[in-house]
Amino acid sequence: MTPVAPATLSPRRPVPAHVVRPEYVDRDAPAPYTGPEVKDAETIERMRVAGRLAAQAREEVGRHVVPGVTTDELDRIGHEFLCDHGAYPSTLGYRGFPKSLCSSVNEVVCHGIPDSRVVEDGDIVNIDITAFLDGVHGDTNATFLAGDVDEESRLLVERTREALERGIRAVKPGRRINVIGRVIESFAKRHGYGVVREFTGHGIGTHFHSGLIVPHYDDPQHDDLIEVGMTFTIEPMLNLGTHEWEMWDDGWTVVTADKRRSAQFEHTLLVTADGAEVLTNP
């Protein structure tokens, strides 16, 4: 397989004037979040709507992950889907990110920038898309198979999805947030996968990232109490080889240090009395 390399970026896609933008668009950084991690019922209801739309966008883009499509075309599909439904694509203009979703192919761990690269037969392609609608964000991603994917990669993708599901099942009020990473890491180790550490799940709501950190490995430092009404993402990145990574000069694209493949899945969750409700199902 040819290593993924930077290609040509298309101009920034316009967003219709009536679509409300998040406050951070084209600023150096978002305003810090100072509110609670536990959300009120009205915010949660808005998050359900935004999360469902993000999931629908993820699946719509995923249907087009086939050999021959460019990642820029996938970005166009996701951009138009969100805008047509009155939502702003949260990544566009976030800390300077130039596109409406992240497309991370093969050894790209996360934050790949859609460009003119053509998806090849056998690629695995992560689509990470977030909808900002009615003042809240819904954040989700999934890794899709393009054409005839080798067994090792297919299993990596399947098991990364399973790692997310196990992480979600570990969410219970009264537990500590690091139980999630403990469960994910132990499952990944069983299969010999590296678990990326520096990129984590996060609190979410009116802000894209609230400050709450959800590691995908067992990190005793992050022991926030899980409470009913909290909303956050779980988004494990599992690698066929090392958990170590490098970053491209674009300041966004993260690739595995050994150039072996990486997969990722993500949901936005609401903590309920007996577990977690997934807000990013279509």
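Above this text is the structure in question.
So, here's what we can say about the structure.

Calculation criteria
Residues numbered from 1 in each chain as written. Predicted model: local features only at pLDDT ≥ 70, side-chain atom pairs only at ≥ 80, totals over all residues. Heavy atoms only, no water. 1 Å grid on protein atoms, 1.4 Å probe; cavity = no way out; pocket = protein on both sides within 12 Å on 5 of 7 lines; lining within 4 Å. Points joined across faces, edges and corners; volume = space filled by probe spheres on them. Helix = DSSP H or I, 4+ residues; strand = E, 2+ residues; numbered from the N terminus. Nonpolar A, V, L, I, M, F, W, Y, C, P; charged D, E, K, R; others polar. Pairing = 2+ DSSP bridges. Salt bridge = Lys/Arg side-chain N within 4 Å of Asp/Glu carboxyl O.

### Observations concerning the layout of surface pockets
For step 1, the next point in the chain: The calculated volume of the largest pocket comes to roughly 440 Å³.
For step 2, the next point in the chain: Around the largest pocket, the lining is made up of 23 residues, and of these Y94, H111, F199, H209 and W252 lie nearest the centre.
For step 3, the next point in the chain: Contributing elements (two or more residues each) for the lining of the largest pocket: β4 (124–133) and β7 (201–202).
For step 4, the next point in the chain: When the residues that make up the lining of the largest pocket are grouped by side-chain class, the tally is 9 nonpolar, 9 polar and 5 charged.
For step 5, the next point in the chain: Each pocket or cavity is described by its volume, and for the second largest pocket that value is around 270 Å³.
For step 6, the next point in the chain: Taken together, 20 residues make up the lining of the second largest pocket; nearest its centre are P30, Y94, F208, H209 and S210.
For step 7, the next point in the chain: Looking at the lining of the second largest pocket residue by residue, the classes come out as 11 nonpolar, 7 polar and 2 charged.

### Observations regarding the sheet that holds strand β6 (residues 194–195)
For step 1, the next point in the chain: Spatially, 3 strands are ordered β6-β10-β13 in an open sheet, and the strand pairing comes out antiparallel. Each having just a single partner strand, β6 and β13 (262–264) make up the two edges of the open sheet.

### So, the pattern of salt bridges
For step 1, the next point in the chain: A full pass over the atoms with the stated rule returns 22 salt bridges.
For step 2, the next point in the chain: In this structure, the salt-bridge partner of R154 is E158, at a minimum N-O distance of 2.9 Å. Linking R154 with E158, this pair stays in helix α3 (residues 151–169), spanning 4 residues, or about one helical turn.
For step 3, the next point in the chain: With its nearest N and O atoms 3.8 Å apart, the salt bridge here joins E162 to R169.
For step 4, the next point in the chain: Each member of the salt-bridge network shares a partner with another, and the members are R13, D72, D75 and K99.

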